[in-house]
Amino acid sequence: MNAGMTPLKCLIVDDELIATKIIANYAGKLDFLQVEAVCSSSVEAAGMLQNKEIDLMFLDINMPRLSGIEFLESLDKAPLTILTTAYSEYALEGFRLHVVDYLLKPFSFQRFFQAVQKANDLFRSRLLLQKNEEEKTTDIYIRQGDAFLRIHWDEILFVEAMQNYLKLHLGGKVFVIRQTMASLEEMLPKDVFFRIHKSFLVNIARIDAVSGGRLFISGIELPISKLRKEELMNTVVFKKLVSK
C-alpha cells in the first residue's frame, strides 16, 4: 500500500465463528485491510452499518432470519461486498447485486487475496474519480486590458477564431482574447465543448438545432465542417435522439 493511503475498513458478517476467524486472519496479513467489526447476523450488521463507516463487507449468505442476499437487497447504499458462502448456486444472485467477488468456502488465502485486491482497486478508482469531480473547476480567467475577468465556462455559447485572437460569445457579451483555439480547447472540458469547424468551438448544452451543414445557437448560424459533422452527429445528436 502506498504511504499515506488509509486501509479499507472491513466488516465481517457470518454466523460461523471459524469462518469469521479465517477471514480476520487473512485480512490481518494485508496492510490495505482493517477489520472494524464482526457480526454474527444480518440484523446485527444493519445496525453496525448505521454507526460505522465501512468500505468493504465480507457477507455470508446462509444465515438465520435474514439471509445475506436479502440483507444486501435491503440496503439503499451497500459498501463494496464480497460474498462468502459454501453454496455455489447463489453466484448469479450475488453478481446481480453487483458484488465484488464470490468466495466459495473453503477458500485459500490466494483466492481471498485475488478478491480483496479487486475490491481495493475498485475502491481506489472510486476515490480518484470522486477527487477529480471535486477538483473540476467551472471557471476561467481572461485578460481584458489591465484586468483579469473571471467567467464561468458554461456561460460561453461558442468561441470564434480570428487569426491570433478569439471571440468568446457569452449571450449579449463578446470578449476578445489573445489565445489560440487549440490552447483554449485544451483548457475547456471535452465533454462540454465540441469543435465543429477550424474557426468555431461550441458549447454542446447551448445548441438549439443542427440542420444540414449548419448549427444554430441563440439564433446565430454557424458552419459545420464536413470532417466534423459525422462525429458531431454520432457523439452529440444521436446519443440523445428520441425519435427516428
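Since this is a predicted model, take the numbers as computed values, not measurements.

Draft legend 1. Structural context of the environment of Val-116. Inspection of the secondary structure assignment puts Val-116 in helix H5 (residues 109-135). Exposure remark for Val-116: the relative accessible area of 0% places this residue in the buried category. Once the C-alpha coordinates of Val-116 and Thr-81 are considered, the two residues, 35 residues apart in sequence, prove to be 9.7 Å apart. Dropping the residues within four chain positions of it, Val-116 is found in contact with Leu-30, Phe-32, Leu-33, Leu-56, Phe-58 and Ile-82.

Draft legend 2. The arrangement of the sheet that holds strand S15 (residues 220-223) in detail. Spatial strand order, S13-S14-S15: 3 strands in an open sheet with antiparallel pairing. With one partner strand each, in any of the chains shown, strand S13 (209-211) and S15 form the two edges of the open sheet. In this sheet, neighbouring strand axes are inclined to one another by 25° on average, regardless of whether the strands run parallel or antiparallel. Relative to strand S14 (residues 214-217), S13 is paired through 3 bridges, and the arrangement is antiparallel. What sits directly across from Val-210, in S14, is Leu-215.

Draft legend 3. Quick peek at the layout of surface pockets. Taken as a whole, the largest pocket spans an internal volume of roughly 520 Å³. Lining of the largest pocket is provided by 17 residues; of these, Ile-54, Asp-55, Lys-77, Pro-79 and Phe-123 occupy positions nearest its centre. Residue contributions to the lining of the largest pocket peak at 5 residues, all from H5. Of the residues in the lining of the largest pocket, the class split is 8 nonpolar, 2 polar and 7 charged. Considering only enclosed or pocket space, the second largest pocket measures out at about 310 Å³ in volume. Forming the boundary of the second largest pocket are 14 residues, of which Ile-204, Thr-235, Val-236, Val-237 and Lys-240 lie nearest the centre. No other element matches helix H7 (residues 226-237), which puts 4 residues into the lining of the second largest pocket. Among the residues forming the lining of the second largest pocket, the class breakdown is 8 nonpolar, 1 polar and 5 charged.

Draft legend 4. The arrangement of the pairing of strand S7 (residues 147-152) in detail. The sheet contact formed by strand S6 (residues 139-144) and S7 spans 6 bridges and is antiparallel. Of the residues in S7, the one forming a bridge with Asp-139 is His-152. Linkage of S6 to S7, two consecutive antiparallel strands, is achieved through a turn of 2 residues, within which Gly-145 is found at a positive phi near 65°.

Draft legend 5. Focus on the side chain of Asp-55. With respect to the secondary-structure elements, Asp-55 resides in the loop between helix H2 (42-51) and strand S3 (56-60). The side chain of Asp-55 sits in the buried core without any salt bridge; Lys-9 is the nearest counter-charge, 4.5 Å away. Excluding anything up to four places from it in sequence, Asp-55 contacts Pro-7, Leu-8, Lys-9, Pro-79, Leu-80 and Phe-123.

Draft legend 6. Representation of the nonpolar core. Counting 21 residues, the largest nonpolar core has Leu-33, Leu-56, Phe-58, Ile-82, Phe-112 and Val-116 as its most contacted members. Looking at this core, the elements with two or more residues in it are strand S1 (8-13), helix H1 (17-28), S3, strand S4 (80-85) and H5. It is H5 that contributes the most residues to this core, 5 residues altogether. Residues Leu-11, Ile-69, Val-99 and Tyr-102 belong to the second largest nonpolar core, which totals 18 residues.

Draft legend 7. Spatial organisation of unusual backbone geometry. Cis geometry marks the peptide bond from Lys-105 to Pro-106; its omega dihedral reads -10°. Positive phi, normally seen in glycine, also occurs at Arg-65, with a value near 70°. Positionally, Arg-65 belongs in the loop between S3 and helix H3 (68-74). Of note in this structure, His-98 is not a glycine but carries a positive phi near 60°. With a relative accessible area of 71%, His-98 lands in the exposed category.

Cut-off values and rules
Residues numbered from 1 in each chain as written. Predicted model: local features only at pLDDT ≥ 70, side-chain atom pairs only at ≥ 80, totals over all residues. Heavy atoms only, no water. Helix = DSSP H or I, 4+ residues; strand = E, 2+ residues; numbered from the N terminus. Buried < 20%, exposed > 50% of the residue type's maximum accessible area, 1.4 Å probe, protein only. Contact = heavy atoms within 4.5 Å. Pairing = 2+ DSSP bridges. Axes fitted to C-alpha atoms, helices over the stretch in contact; angles between N-to-C directions. 1 Å grid on protein atoms, 1.4 Å probe; cavity = no way out; pocket = protein on both sides within 12 Å on 5 of 7 lines; lining within 4 Å. Points joined across faces, edges and corners; volume = space filled by probe spheres on them. Nonpolar A, V, L, I, M, F, W, Y, C, P; charged D, E, K, R; others polar. Lys, Arg positive; Asp, Glu negative; His and termini not counted. Salt bridge = Lys/Arg side-chain N within 4 Å of Asp/Glu carboxyl O. Core = buried A, V, L, I, M, F, W, Y, C linked by side-chain atoms within 4.5 Å.

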